[in-house]
Every structure is written in C-alpha cells, then in structure tokens.
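Each chain is listed here by its residues.
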Amino acid sequence: MSRGALLLSAALLLAALGAALAVHLVPVRLGRGGERTPEPSPAPSPVQTTGQPEAQAPTRGPGGGKHPKTSPSPTEGPGVAGDLESAVSAIPHVYRVPPRWNGKAIIFVHGLGGSKETWERDMEAFEGLGYAVFAFDLPYHGERGPFLGGEVLPDLIRQGASEIVIAAEYLRAQGASEVYLVSRSLGSIVSAVALGGGARIDKAELLLASADLRYVFTYGRVGQWHSWLDDDSVLREIDPLYLLPNYEGRVHFHCGLRDNLLTPEACVKAYNAAIRAAERKIFWHDRGHSMPLEEYFEEAREFFASEAPQEFKKTLMNILGVDIPANGGDGVCGTGETWENSPFDCPRPVLVVAFQLHIEEGPGRGTYYDQDRSTFEWYAEVLDRLASTFEAHGAKLSVQTEKNFARADVLFNRLVLRDLVSRGHGVGVQSHMGHHMRELGLTTDAQKLAYTREVKEAVALALGSEPTNLGGGFEMDNVCLLGAVRGGLWFSSMTAVEKPYHQQTGRAPTWLHPWILPPTQMIDLSDPRWMVHDDSGGLVYIPGWFWNSGDFEVDCRSGGDCFQDATESLMRALSSVDERFVNVWWASSHLYQTGASEDEVGRVLQAYDRWLMEVVDPLVADGRVVWMTFDEVTQLYLRWEAERLRYVSSRTRTPRT
C-alpha cells in the first residue's frame, strides 16, 4: 500500500466512521505533573490468537495452497460524514493531556488480545513527563471485539493503520507540535504499516516488531497458515517488509532474543527494511514475547527528549570510496544517472543472479590439486568447459577457490583463473577453515587471519591482481576482522553462513538484499544479531538460500531434476523483488560436482545448459534477471548504500516539516 493509498484510505475511513461506534471523546483529564520513574510490574503474557494455542506450529508453508478468501470486515456503524473529531470519537479511545503539557503527544497501539487499557501504566509514566497520551482499541479488540481469528488480520491491519493516521492528524489539530508512537507486537505491525503509509509520526518505538509475515507464520508460534498469506497483493498492503522502506522519521526497534512467537529474525527484517529512516536503532532484550514498561522506558524517555537524529559513523563506503554520480543520493533519477551507477535514485525491479562455484583443496580426500598435475589438469579443463557453457548464455561464474587450486594454477602454468577473469567471470577467495582448524591448530582469530592471508596471497599470485571477495571464514569469533586482510579483501561476499545457520536454527534467512555485517560473534549463528545491517560494519554480506530449507548445492552427477530446488527458490525470489533495494539470488555448487569422468561431465554440462536455456534465459530476455559476479554485486550494492547514506544524512541536517 503506497503512502497515497493509505492516506486516501484514512480519509475515506474518516468520512465513513459513524457515531454508532462511539465511545465519545474522553474529556481531557488533568495529569500528573513532574518527572517520575515507573514502578515495576509483572511482564505481560505472550499474546495468542483466539482459539489457537500459542505453541501450535504453522500447518502450511509459503507458496501454493488454497485461494485467498475475503476476510470479514470489522463491525462499523452507519456511514456518517464528519470531521477529525467525530472520526476519532467513533473509535473507542483514551486521550489525556497533563496540566504541564510539553506540547507533544504519544499514540499507544496494543497487541493481539489487548485493548487501550493495556497501556494504563505506560501512559501514566509518560504523562508524568509532560506528554499527552492517546490509546485506542484496534478493530476486533476491546469494545470493538470479538477477534474473529487470523483471517481478519488484513482488514484489522489496514483499518488500524488508517486510524493511526487519523489519530496523528487529530493530535496535531489539538495543538501537538510533534507526535510519537509506542506499539507492541501486532500493534507494531499495524504501526509500521501506518508509518510507511504516510502517518505523520516523528518518532516511533516499535516493541516486539516484525516484518515478512510469511516468515512469521512459518517460523513463529502464531497459529495456522491463513489463506491471505498466499496472496502477494494482500501482503504488499499489510506487511511492514514492503511499507517500512517509505518511512523517513526516526524509529527504534526493541526485539526479544528468546521470542518464539514473532522470532528475533522477523524483528531484524523490520529494522533492515527501514532504509530511509532519519534514524534507526535496534535494541536487544533477553526476553521472550514480552516487553513491559520498565524494559523500554528509560531508552524511550531519552529518545523522545532528543532533538536531533544520531550522527552516522564512518562506514565501509567511506573506506572504499565507491563512485556515484555527483547528484546521487538526492532521491531523484536525474541526468547521467542509471540503475547501474545510481541504483538508489534509479530503482529497477530486477533480480541480480549469480552462480557460486566453490573450489576446495582437492576433488576429494587424499590428493590436493597442487600435489598431482594430472588431477589438476583434468579439473582445470572441466572448469573451462563449465565457464564456456555459462558464457554461451551470457551468464557468469563467481569462482571462490582455496589455495591449493590457485597454487597448482601457477605451479603447472595453466593460469585458468586469470583467463576466466579476462572472460568476464569472477574469482575470489574460499577460506573455508573447517577441518584446518583441527589439522593446523587454528584456535585464535590471529591464527585464522594468518591462514586467510595465506589463501588470499595464493589467489592473488594466480590472478596477477588482488582478489576482492571472500567466501567462508565464518568460524572466526569476530568475522569483521577479515576486513583486516589488506591488499584487496576490503569487502566480502560471505556466502558460507546460510548452511550452518540453517543447521543450527532450522530457519532460512529468506532475505534478498545485501547488507553490511556488524562486528559480531559468528560461531553461534543461532544468535540473530549477525543478520542486522550495521552502517559502521566492515564487510558486505550477500545472502542466498532464499526460502530454501534443504541443501542448496546443485549436484547433477546422479541425474534427475538437479535444479528443482534452485528453480523453486529463484521463482520465489522473483515474486518478492522490491525495486527499492538491491535484490540478489545465487545458486551454488563445487567444482568436483561437475564430474570426474567424461560421461559424467557431459551429463552435468547438459543439465546446466538446459536449465540456463529453459529457466534463466527467458527471464533475462524479459529484463527480470541480470547476471553479475559477486564482485559486481558488491559494487552495485555499495553504490546503492553510498547513495542511501547521502540521502539520509542530508535529511538529518534538515528539520522535517
């Protein structure tokens, strides 16, 4: 739902809400002057869908299934045209202004199963700081109940978001110079849609936020799969994943590390989506699905009292100095700007596709490539033939090699890696330490960095130039230390984390957009903080495994439909492309999986040729897919990120109207 659509929806709702619903405007009540700290209270219980146990697992996954059904609408009174005051009076609410009002107001939005009364302690605490407070019952809740089940959620979210737009306008009409928002759980979903739909909210605290509703219903304990989850047009109207990128105010996200209802990954998705926010921060709490007043109050008090957005830290873009047009980052696709050189200003609904080919120490246990010339020559020829198959379709390989193949390439004077680069393919470093950690005693980050440098130097010698991307290395404590590997590895594709992440959590990242990794602990990938974009981080991360819960490696040696999983993932990615981001999808294989005999290689190359011709080529011809190497993807993303930061930074210096 676009900003204009939501604002229009709010206007229509304003005209249609009738007095029959009215719990008339609560008179302004004298509040409590002075500043005060809230008293502790028990944490609220996790919210459940009526009639559905919280622990019930989703019964269906994304894609396929029943046709969407029309959801019932919230009960409304007769349509009566009216102004802001009559529209607000038709919504059950509480509105109070303290005697020493600071001129600012806060809207509170409750979660599933809650009501306006849920916020009483919170409202009193902020009243004590001088804020006017406004809380209302969401559709199907409180005096507007009962909740009729998950099929009504789209209507609840649409109408609730429109009512936030109306409430914000009403509070401004009452004299509020700024309007803030505090929400929780389902209320944060509704609020995020309102923020992205044009609600005039200056600052927002989204507690237990989430985005990507398919992800929520797949991995969160929120009940059964509802029919509307299969309808992309519905999701694009009610999912914060698609609305939050529009918001340009200041927003803070509070996430529970042990939240099994909405999952911390879903909270990360909401944070990562807020790409135009003048300020965005994420706060982690060692909690499940609860966020009582005392957990967020001090942070919110400081946030609401602050005058200016945070200053952006030095970023990876400052170090790399990527080239963007002089007018890049002004939000307008101007003269000399294209999607290739100015992707943020000139968005394009295209999926960037890559194919990652790992080359490890040898084709199997025992013999390394640099120990046997005949073994190396065979696989060097196989690599050349595979590359030629891709070239026939205008496609590219992103090769990531361990040191033994690179050493053999120089030792036996084949130089196939250098030749591939000259033909438009990409070659980077595969520093997959795996068993080396045991064999070589790699126990500290310093030792692992030394090993990575050794691999990088071997690849640089084979290429005759410095490699610029790195796969693997996730076994390090602080993966961003890989940025210390000088001489080319200033950024990394980091394509080796999805598999261990899936093994540890049983979840797929399902994120199409590159981001900058924060300095974080990477051994335990079940900790979701590694998924958070960090403007001050040191490495670019290119995600893969989009909605793929099994093995994402392509292995056509045994025949069959070896590209089935990859094709299903690719099609899902295409349906989820958001032109406001850089959208990336890649598949992966190993060199040894191309075959060890002539018959095997022939079958495998035929399977690649058929997949490229039948599946990918038509998408390229339609302009829906563009082939790139990992290096090219990273450069495109860095240009997008540099423009985004310029755009946001210019707005933080200009007061919002």
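Residues numbered from 1 in each chain as written. Predicted model: local features only at pLDDT ≥ 70, side-chain atom pairs only at ≥ 80, totals over all residues. Heavy atoms only, no water.

1. Looking at the overall build of the protein chain
Here is step 1 of the chain: In terms of regular secondary structure, the protein chain is built from 20 helices and 15 strands.
Here is step 2 of the chain: Counting the 657 residues in the protein chain, one finds 60% classified as buried.
Here is step 3 of the chain: Within the protein chain, counting contacts between residues at least 6 apart in sequence, those at least 24 apart form 79% of the total.
Here is step 4 of the chain: Surface accessibility of the protein chain: about 24,000 Å² in total, with carbon and sulfur atoms responsible for 51%. (Helix = DSSP H or I, 4+ residues; strand = E, 2+ residues; numbered from the N terminus. Buried < 20%, exposed > 50% of the residue type's maximum accessible area, 1.4 Å probe, protein only. Contact = heavy atoms within 4.5 Å. Areas by Shrake-Rupley, 256 points an atom, 1.4 Å probe, with all protein chains shown as cover.)

2. Structural notes on the pattern of salt bridges
Here is step 1 of the chain: Under the counting rule described, the total for this entry stands at 35 salt bridges.
Here is step 2 of the chain: The salt bridge involving K116 is made with E143; its shortest N-O contact spans 2.7 Å. Of the two residues, K116 is situated in the loop between β2 (104–109) and α3 (120–127) and E143 in the loop between β3 (132–136) and α4 (153–173); the sequence distance between them amounts to 27 residues.
Here is step 3 of the chain: Where R507 meets E265, a salt bridge forms, and the shortest distance between an N and an O atom there is 2.7 Å. A residue pair is termed long-range when its members are at least 10 positions apart, and R507 in the loop between α17 (498–505) and β12 (515–517) and E265 in helix α9 (residues 264–273) qualify at 242 residues.
Here is step 4 of the chain: Given a relative accessible area of 14%, R507 falls into the buried group.
Here is step 5 of the chain: A relative accessible area of 1% means that E265 is categorised as buried.
Here is step 6 of the chain: Each of K116, E117, D137 and E143 takes part in one network of salt bridges that share partners. (Salt bridge = Lys/Arg side-chain N within 4 Å of Asp/Glu carboxyl O.)

3. Let's talk about the packing of helix α18 (residues 564–575) against helix α19 (residues 598–621)
Here is step 1 of the chain: As a packed pair, α18 and α19 sit with axes 12 Å apart at the nearest point and diverge in direction by 5 degrees. Comparing their axes, α19 and α18 come out roughly parallel. Residues T567, L570, M571 and L574 of α18 touch α19, and the partners they reach there are W611, V615, V616 and L619.
Here is step 2 of the chain: A breakdown of the residues in the contact of α18 with α19 according to their chemical character gives 7 nonpolar, 1 polar and no charged. (Axes fitted to C-alpha atoms, helices over the stretch in contact; angles between N-to-C directions. Parallel < 35°, antiparallel > 145°, perpendicular 65-115°, else oblique. Nonpolar A, V, L, I, M, F, W, Y, C, P; charged D, E, K, R; others polar.)

4. Description of the nonpolar core
Here is step 1 of the chain: Within the largest apolar cluster, 184 residues are counted, with the highest numbers of intra-cluster contacts made by F253, L383 and W585.
Here is step 2 of the chain: For this core, the leading source of residues is α4, giving 11 residues.
Here is step 3 of the chain: With near-sequence residues (within four places) excluded, F253 lies in contact with L206, A209, L244, A270, Y271, A274, K281, I282 and F283.
Here is step 4 of the chain: Membership of the second largest hydrophobic core comes to 22 residues, among which are V94, W119, M123 and L293. (Core = buried A, V, L, I, M, F, W, Y, C linked by side-chain atoms within 4.5 Å.)

5. Looking at the packing of α3 against helix α10 (residues 293–305)
Packed helices, taken two at a time, are described by the angle their axes make and the gap between the axes.
Here is step 1 of the chain: Closest axis-to-axis distance for the α3/α10 pair is 11 Å, and the angle between their directions is 35 degrees. Seen from above, α3 lies across α10 with right-handed handedness. Together, R121, D122, A125 and F126 of α3 and L293, E294, Y296, F297, A300 and F304 of α10 make up the contact between the two elements.
Here is step 2 of the chain: Grouping the amino acids of the contact of α3 with α10 by side-chain chemistry returns 7 nonpolar, no polar and 3 charged. (Left-handed = near helix turned anticlockwise from the far one by under 90°.)

6. A short note on the sheet that holds strand β6 (residues 250–256)
Here is step 1 of the chain: Pairing in this open sheet of 7 strands is mixed, and the strands run β1-β3-β2-β4-β5-β6-β7 from one edge to the other. Bordering the open sheet on either side are β1 (93–96) and β7 (279–285), each of which pairs with just one other strand. For this sheet, the mean inter-axis angle between neighbouring strands, taken without regard to orientation, is 15 degrees.
Here is step 2 of the chain: Running over the sheet, α10 touches β2, β4 (178–184), β5 (203–207), β6 and β7 and is turned about 165 degrees from β5. (Pairing = 2+ DSSP bridges.)

7. Quick look at unusual backbone geometry
Here is step 1 of the chain: Along the chain, G145 connects to P146 via a cis peptide bond; the corresponding omega equals 10 degrees.
Here is step 2 of the chain: By secondary structure assignment, the location of P146 is in the loop between β3 and α4.
Here is step 3 of the chain: Even without a glycine there, the phi angle at N413 is positive, about 55 degrees.
Here is step 4 of the chain: Residue position: N413 is located in the loop between α13 (403–411) and α14 (416–422).
Here is step 5 of the chain: With phi around 55 degrees, W545 is a residue other than glycine that occupies positive phi space.
Here is step 6 of the chain: Mapped onto the fold, W545 is located in the loop between β13 (539–541) and α18.

8. Describing α13
Here is step 1 of the chain: Those residues of α13 lying buried are K403, N404, F405, A406, A408 and D409.
Here is step 2 of the chain: At its buried positions, α13 is contacted by β8 (351–359), α12 (373–391), β9 (398–401), α14 and α16 (445–463).
Here is step 3 of the chain: N413 sits one or two residues past α13 and shows a positive phi near 55 degrees.

9. Quick notes on the side chain of H252
Here is step 1 of the chain: On the secondary structure map, H252 appears in strand β6.
Here is step 2 of the chain: Here the side chain of H252 touches E299 through a polar contact of 2.6 Å, side chain to side chain.
Here is step 3 of the chain: Those residues in contact with H252 that lie beyond four places of it in its chain are A204, E205, L206, E279, K281, F283, E299 and F303. (Polar contact = N/O pair within 3.5 Å; in protein donor to acceptor, adjacent residues only side chain to side chain.)

10. With respect to the packing of aromatic side chains
Here is step 1 of the chain: Throughout the structure, instances matching the rule amount to 38 aromatic pairs.
Here is step 2 of the chain: Ring geometry for F126 against F304: centres 5.9 Å apart, planes inclined by 55 degrees, an arrangement best described as tilted. With F126 in helix α3 and F304 in helix α10, the pair connects residues that are 178 residues apart, well separated along the chain.
Here is step 3 of the chain: In this structure F126 comes out as buried when scored by relative accessible area, which is 0%.
Here is step 4 of the chain: Of the residues examined, F304 reaches a relative accessible area of 0% and is grouped as buried. (Phe/Tyr/Trp six-rings, centres within 6.5 Å; stacked < 30°, edge-to-face > 60°.)

11. Remarks on α19
Here is step 1 of the chain: Across its 24 residues, α19 extends 32 Å between first and last C-alpha, which sits within 8% of the 34 Å expected from 1.5 Å per residue.
Here is step 2 of the chain: Taking the largest bend as the criterion, α19 deviates by roughly 35 degrees, centred on M613.
Here is step 3 of the chain: If you check which residues of α19 are buried, you get E600, V601, V604, L605, A607, Y608, W611, L612, V615, V616 and L619.
Here is step 4 of the chain: The elements touched by buried residues of α19 are β8, α12, α18, β14 (583–590) and β15 (625–627). (Expected span 1.5 Å × (residues − 1). Bend = angle between axes of the 7 residues up to and from the residue.)

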